Amino acid sequence: MGIRNAARAKRKGASAARKRPGAVTRHSSRVTRPIVVVEDDPFPRLIQVVLDPGTPAARLAAFSHFFAHEEPDFAGWCSRLRARLKRLHPARVRLVGDQAALLAAMPGARAVVTESLTVGKKEIAAAGKSLRVVQKYGTVLSIIDAAACRRARLRVLTLRRRVNISCAEHALALMLALARKIHETAGLISIEQLRAAGYSPTQYDGEHTANANWARIKGARNLFGTTIGLVGFGEIGREMALRAAAFGMRIVYTQRHRLGKAEEARYGATYAPLDALLAVADFVSLHLPLNDATRGIIGRRELALVKPGAILVNISRPPLVEREALLEALRAGRLGGFGLDPHYDAPGRADDPLLGLRNVIITPHLAGSPRFNALGDFEELLIGLDRALEG
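Asks: Go over the overall build of the protein chain with me, naming the residues and quoting the values.
Replies: Within the protein chain, the secondary structure is distributed over 16 helices and 14 strands. Expressed along its principal axes, the backbone C-alpha trace of the protein chain runs to roughly 105 × 45 × 40 Å. Within the span of the protein chain, comprising 391 residues, buried residues form 46% of the whole. Across the protein chain, contacts joining residues at least 24 apart in sequence account for 63% of those joining residues at least 6 apart. Of the accessible surface of the protein chain, which amounts to about 20000 Å², a share of 54% is contributed by carbon and sulfur atoms. Of note, the protein chain has its 58 positive side-chain charges centred 13 Å away from the centre of its 36 negative side-chain charges.

In structure tokens:
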């Protein structure tokens, strides 16, 4: 009798496990794994690396190489994260590159992770009752039909990405360095150094005045009280707005679709068309994806509209700004400074003409660094998904 009861209980437990959403069930040697649909992009591919045992060896090796300088034990990091995932590992990860591929991949999916691809009624219907969670790789939910998700009783998760925060910090650092002339004056502490750099240092009469700026550095400026123009107001643009507000800057933004009044008030931002923004902004910061519509969005015509002496920063993609037009504007003094990350070429050349200009700072694709930003993002994302599948 005891043996029969034990066998009955074992069968009941196995049946319950099969019914639990997100459960990994085993039938002899066969394993049923949850399906996770992920928008195919360089960083989200890390989800495949962590979750899917079928990930190609070349991809595993590439990610190990990518993280090696800051996480030499990448395999160990993956193992430690997998051990914390109760329902999500192992999984079958379907990477999708466009909207049609997303729709085709949805049947049977337990979770979908999207950055720019839309999740709406069609995608939800295609998944059927298996879908439990929609994860936005970011915080702006304009591409997700929240009402349709509510009707389908789907969890919608967001992630405030550390990488986006880091990019905003880097853009602000470039602005500050250019405005305060830090890149031009760092390490120039002797009379000889300053004169060699073209400055006219002096000494002031301490009986009457302070000795501030004895190097006589001209043209330093504050961020406080100036206007920043944000071209693009997505994830990184909004992070920039938060930081610009803390510096006491007036915020003007432009993008394809104007925000609602409540959202504008949240960020203290005012909308303006691109031409009007360029005419009033003391600092212009670009935060756009690169596509056919945005390539060369800042060209000769736009640079001619820029407020004289304005500082331009581009931490998005270099081809947003026409290179030759940029060089002309810098040489003519139209622009007061230019900050760029990443460069037009990777790696670049030491004789690049941009490097010969004193009011230019270029860094080698550092804006999203350190790598621990990405590792932290995906650790938080995967643990959040795993918990959502438990509920």
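Asks: Go over the pattern of salt bridges with me, naming the residues and quoting the values.
Replies: For the structure shown, the criterion picks out 22 salt bridges. With a closest N to O distance of 2.8 Å, Arg258 and Glu264 form a salt bridge. Owing to a relative accessible area of 53%, Arg258 belongs among the exposed residues under this scheme. Among the charged side chains, a network of salt bridges with common partners joins Arg160, Glu239 and Arg243.

Asks: Break down the side chain of His287 for me, citing the residues and quoting the values.
Replies: The topology assignment puts His287 in the loop between β11 (283–286) and α14 (300–305). For His287, a relative accessible area of 9% translates into the label buried. Side-chain polar atoms of His287 contact the side chain of Ser285, separated by 2.6 Å. The contacts of His287, once residues within four sequence positions are left out, are Ala171, Leu230, Val231, Gly232, Ile236, Gly237, Met240, Ile315 and Ser316.

Asks: Let's hear about helix α8 (residues 162–179): which residues, and what values?
Replies: Taking 1.5 Å of rise per residue, the 18 residues of α8 would be expected to cover 26 Å, and the 26 Å separating its terminal C-alpha atoms lies within 8% of that figure. Looking one or two residues past α8, Lys181 carries a phi angle of roughly 60°, positive in sign.

Asks: Go over the sheet that holds strand β5 (residues 109–114), please, and point to the residues and values.
Replies: Within the open sheet, the five strands sit side by side as β4-β3-β5-β6-β7. Their pairing is parallel. Only two strands of the sheet have a single neighbouring strand rather than two, namely β4 (92–96) and β7 (155–157). On average, each strand axis in the sheet is tilted by 15° relative to the strand beside it, whichever way the strands run. Across four bridges, β5 lies against strand β6 (residues 133–136) in parallel orientation. Counterpart to Ala111 in the pairing with β6 is Val133. Lying over the sheet, helix α16 (residues 372–390) contacts β5, β6 and β7, oriented at roughly 160° with respect to β6.

Asks: How would you summarise the packing of aromatic side chains if you had to cite specific residues and measurements?
Replies: Inspection of every chain in the model, using the stated rule, returns ten aromatic pairs. Centroid distance Phe63 to Phe66: 6.5 Å. Interplanar angle 70°. Geometry classified as edge-to-face. Of this pair, Phe63 and Phe66 both sit in helix α3 (residues 57–67), three residues apart, roughly one helical turn. Accessibility expressed as a relative area gives 9% for Phe63, which makes it buried. By relative accessible area, Phe66 is classed as partly exposed at 28%. A connected cluster of aromatic rings, assembled from ring pairs, spans Phe43, Phe63, Phe66, Phe67, Phe74 and Trp77. When the ring centre of Tyr137 is taken as reference, the NZ or CZ atom of Arg161 above it lies at 3.8 Å. Just above the ring of Phe66 sits the side chain of Arg371; from NZ or CZ to the centre is 3.6 Å.

Asks: Run through the packing of helix α4 (residues 74–83) against α16, naming residues and quoting values.
Replies: For the pair α4 and α16, interaxial distance at closest approach is 11 Å and the crossing angle is 20°. In terms of axis orientation, α4 runs roughly parallel to α16. For the pair α4 and α16, the crossing hand works out as right-handed. Contacts between α4 and α16 involve Phe74, Trp77 and Leu81 from the former and Leu375, Phe378, Glu379, Leu382 and Ile383 from the latter. Within the contact of α4 with α16, the residues separate by chemical class into seven nonpolar, no polar and one charged.

What counts and how
- Residues numbered from 1 in each chain as written.
- Predicted model: local features only at pLDDT ≥ 70, side-chain atom pairs only at ≥ 80, totals over all residues.
- Heavy atoms only, no water.
- Helix = DSSP H or I, 4+ residues; strand = E, 2+ residues; numbered from the N terminus.
- Buried < 20%, exposed > 50% of the residue type's maximum accessible area, 1.4 Å probe, protein only.
- Contact = heavy atoms within 4.5 Å.
- Areas by Shrake-Rupley, 256 points an atom, 1.4 Å probe, with all protein chains shown as cover.
- Lys, Arg positive; Asp, Glu negative; His and termini not counted.
- Charge placed at Lys NZ, Arg CZ, Asp CG, Glu CD.
- Salt bridge = Lys/Arg side-chain N within 4 Å of Asp/Glu carboxyl O.
- Polar contact = N/O pair within 3.5 Å; in protein donor to acceptor, adjacent residues only side chain to side chain.
- Expected span 1.5 Å × (residues − 1).
- Pairing = 2+ DSSP bridges.
- Axes fitted to C-alpha atoms, helices over the stretch in contact; angles between N-to-C directions.
- Phe/Tyr/Trp six-rings, centres within 6.5 Å; stacked < 30°, edge-to-face > 60°.
- Lys NZ or Arg CZ within 6 Å of the ring centre and 35° of its normal.
- Parallel < 35°, antiparallel > 145°, perpendicular 65-115°, else oblique.
- Left-handed = near helix turned anticlockwise from the far one by under 90°.
- Nonpolar A, V, L, I, M, F, W, Y, C, P; charged D, E, K, R; others polar.

Note that all results are geometric; they support no functional claim without further evidence.
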